[in-house]
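Structural description and commentary
Each chain, written out:
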Amino acid sequence: HLFRAKTRGANNPAQASKISTTVRRGVAILSFGLCRFGFFFGDLLALGIVEEFERRNLRIIGASEKAARLESSKSFAKDFMARHSIPTAKYKTAFSIYEAKETLNSDFFGNENSPVVVKADGLAAGKGVVVAQNKREALKAVDELEKLAGKKAAEKIILEEFLTGRELSLIM
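None of the values given here were measured: they were computed from a predicted structure.

Turning to the overall build of the protein, a few remarks are in order. The number of helices and strands found in the protein is seven helices and six strands. Listed N to C, the secondary structure of the protein is α-β-α-α-β-α-α-β-α-β-β-α-β in terms of helices and strands. Burial analysis of the protein (172 residues in total) assigns 37% to the buried set. A separation threshold of at least 6 residues defines the contact pool for the protein, and within that pool the share at least 24 residues apart is 58%. Accessible surface, the protein as shown: approximately 10900 Å² in total, 54% of it carbon and sulfur.

Next comes the structure, spelled out in structure tokens:
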């Protein structure tokens, strides 16, 4: 392979193969002068595709592996926002389904009729977030998260208070 992953996906031959294939495609794209990876390539950014292109002196636009963690790990992003006093919804990170259910059964997010957002920590191709209308739906979402988002993405579960209002996402 052209690339051996030295990141969280290091022991996963499928991930290493995916990046290797992408690097080869990127080299072909470079006949146009530049390769750009963005939002839909979050998993490749999180695995360090930008650094790999740079090691090969290839031009690329995309977030570094460290910067991509803000997108690839919701718990990292929430902790980052808390650490830097960036306003964000109240949250708890659970490291097991049992811990997530324990948190939901407490009054941390309000009563049984309070909506709660349930998120898989890792990249889940848009399938890792459930807006539960009440505690019962949130508990069901926790049970189904691994099936929806994949085992790796659901290793950590972020529970978040539901906020109403407008949301702005900026994708470059």
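Now that the structure has been shown, the text picks up again.
Quick look at helix H7 (residues 135–149) now. With 15 residues, H7 should reach 21 Å at 1.5 Å per residue; the first-to-last C-alpha distance of 20 Å fits that figure. In H7, a bend of some 45° at Asp143 exceeds every other bend along the element. On its buried side, H7 packs onto helix H6 (97–105), strand S4 (116–120), strand S5 (129–132) and strand S6 (157–161).

When we look at burial in helix H5 (residues 74–83), the residues that qualify are Ser75, Ala77 and Lys78. Projected onto a plane normal to the axis of H5, the buried residues spread over an arc of 160° and lie on a single side. Residues of H5 that are buried in the fold lie against helix H4 (65–72), strand S3 (91–94) and S6.

For the rest of this paragraph, the subject is the packing of aromatic side chains. Between two aromatic rings, the relevant description is the distance of the centres plus the angle of the planes. Following the criterion strictly, the structure yields two aromatic pairs and no others. Its guanidinium or amino end placed over the ring of Phe108, Lys90 lies 4.6 Å from that ring's centre, counting from NZ or CZ. Positioned over the ring face of Phe108 is Lys92, at 4.7 Å from the centre of the ring.

It should be kept in mind that the predicted coordinates are not to be read in detail where pLDDT is low. Here the protein averages 77 in pLDDT, and 70% of its residues register 70 or above. No element of the protein has a lower mean pLDDT than helix H1 (residues 13–29), which averages 55, and none a higher one than S3, which averages 96. Low pLDDT, under 50, characterises residues 1–11; the stretch is placed with 24 contacts to residues that sit more than four places away or in other chains. For residues 27–32, every residue scores under 50 in pLDDT, and the model assigns this stretch six contacts once sequence neighbours within four places are set aside.

In this section: the nonpolar core. In a soluble, globular protein the nonpolar side chains are often hidden away together inside. Of all hydrophobic cores here, the largest spans 16 residues; its most connected members are Leu104, Val118, Val142, Ile157 and Leu159. Top element by residues in this core is H7. It accounts for five residues. Val142 has contacts with Ile97, Ala100, Lys101, Leu104, Val118, Ile157 and Leu159, leaving out every residue within four places of it along the chain.

Most of S6 is tucked away, with four of its five residues classed as buried. As paired elements, S3 and S6 share four bridges and run antiparallel to each other. In the sheet register, Tyr91 faces S6, and the bridge partner there is Glu160. Note: S4 against S6, five bridges, orientation antiparallel. Looking at S6, one finds that Val117 is bridged to Glu160.

For the rest of this paragraph, the subject is the pattern of salt bridges. Where charged atoms from two side chains of opposite charge come close, those side chains can pair. Taken as a whole and judged by the stated rule, the model has four salt bridges. A salt bridge links Lys78 to Glu160; its shortest N-O distance comes to 2.8 Å. Taken together, the residues Lys78 in helix H5 and Glu160 in strand S6 connect sequence positions 82 residues apart. An identical accessibility class is assigned to Lys78 and Glu160; each is buried. The salt bridge partner of Glu160 is Lys119, with a shortest N-O separation of 3.1 Å.

Okay, unusual backbone geometry next. With phi around 55°, Ser85 is a residue other than glycine that occupies positive phi space. Within the secondary structure, Ser85 is located in the loop between H5 and S3. In this structure Ser85 comes out as exposed when scored by relative accessible area, which is 66%.

How each quantity is defined
- Residues numbered from 1 in each chain as written.
- Predicted model: local features only at pLDDT ≥ 70, side-chain atom pairs only at ≥ 80, totals over all residues.
- Heavy atoms only, no water.
- Helix = DSSP H or I, 4+ residues; strand = E, 2+ residues; numbered from the N terminus.
- Buried < 20%, exposed > 50% of the residue type's maximum accessible area, 1.4 Å probe, protein only.
- Contact = heavy atoms within 4.5 Å.
- Areas by Shrake-Rupley, 256 points an atom, 1.4 Å probe, with all protein chains shown as cover.
- Expected span 1.5 Å × (residues − 1).
- Bend = angle between axes of the 7 residues up to and from the residue.
- Arc of directions from axis to C-beta.
- Phe/Tyr/Trp six-rings, centres within 6.5 Å; stacked < 30°, edge-to-face > 60°.
- Lys NZ or Arg CZ within 6 Å of the ring centre and 35° of its normal.
- pLDDT = per-residue confidence, 0-100.
- Core = buried A, V, L, I, M, F, W, Y, C linked by side-chain atoms within 4.5 Å.
- Pairing = 2+ DSSP bridges.
- Salt bridge = Lys/Arg side-chain N within 4 Å of Asp/Glu carboxyl O.

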